[in-house]
Amino acid sequence: MSTLEVSNLNDGTTTVATTYITNGSAKAWVAHSSTPSINGSYNVASLTDNGTGNFDINLSNAMANANYSIPSSCDVAARISSTSDVSASEFNIVYYNLSGSLEDRGGSAEVLGD
């Protein structure tokens, strides 16, 4: 196996340190509908429907550990709870309506970390 070591990348107009890419970019993202189906994604293998408003997002390539951030949003006014059900290879998102009841929603999430 060969190793290529590069400290900066340049596209002809902008130079970016490779640490910015490896440490600062989203490692995964998903946009999904309430049915549920994946509308677009990066590093997401599948979405599991656990029942009303409860989804597991399964990563194609696992994170280094379960200590990462999961910013998320949904398509209409609702509350989102990223639960403690997080591992290196998946995370869980639960959607509630404004009355506090579980409800299927389309939404999006990303994974930030290493």
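Residues numbered from 1 in each chain as written. Predicted model: local features only at pLDDT ≥ 70, side-chain atom pairs only at ≥ 80, totals over all residues. Heavy atoms only, no water.

Participant: I'm lost on the environment of glutamate 110 in this one. Help?
Facilitator: By secondary structure assignment, the location of glutamate 110 is in strand β10 (residues 107–111). Judged by relative accessible area, glutamate 110 falls into the partly exposed class, the value being 31%. Between the alpha carbons of glutamate 110 and isoleucine 70 there is a distance of 5.6 Å; along the sequence they are 40 residues apart. With residues near it in sequence (within four places) discarded, glutamate 110 still touches Ala26, Ala28, Trp29, Ser69, Ile70 and Pro71. (Helix = DSSP H or I, 4+ residues; strand = E, 2+ residues; numbered from the N terminus. Buried < 20%, exposed > 50% of the residue type's maximum accessible area, 1.4 Å probe, protein only. Contact = heavy atoms within 4.5 Å.)

Participant: Help me understand unusual backbone geometry, please; the structure alone is not making it clear to me.
Facilitator: Residues other than glycine predominantly adopt negative phi, and peptide bonds predominantly adopt the trans conformation. Along the chain, threonine 35 connects to proline 36 via a cis peptide bond; the corresponding omega equals -15°. Locating proline 36 in the fold gives a position in the loop between β3 (28–32) and β4 (38–42). Not every positive phi belongs to a glycine, and asparagine 43 is a case in point at roughly 60°. Structurally, asparagine 43 can be placed in the loop between β4 and β5 (44–49). Classification of asparagine 43 as buried rests on a relative accessible area of 13%.

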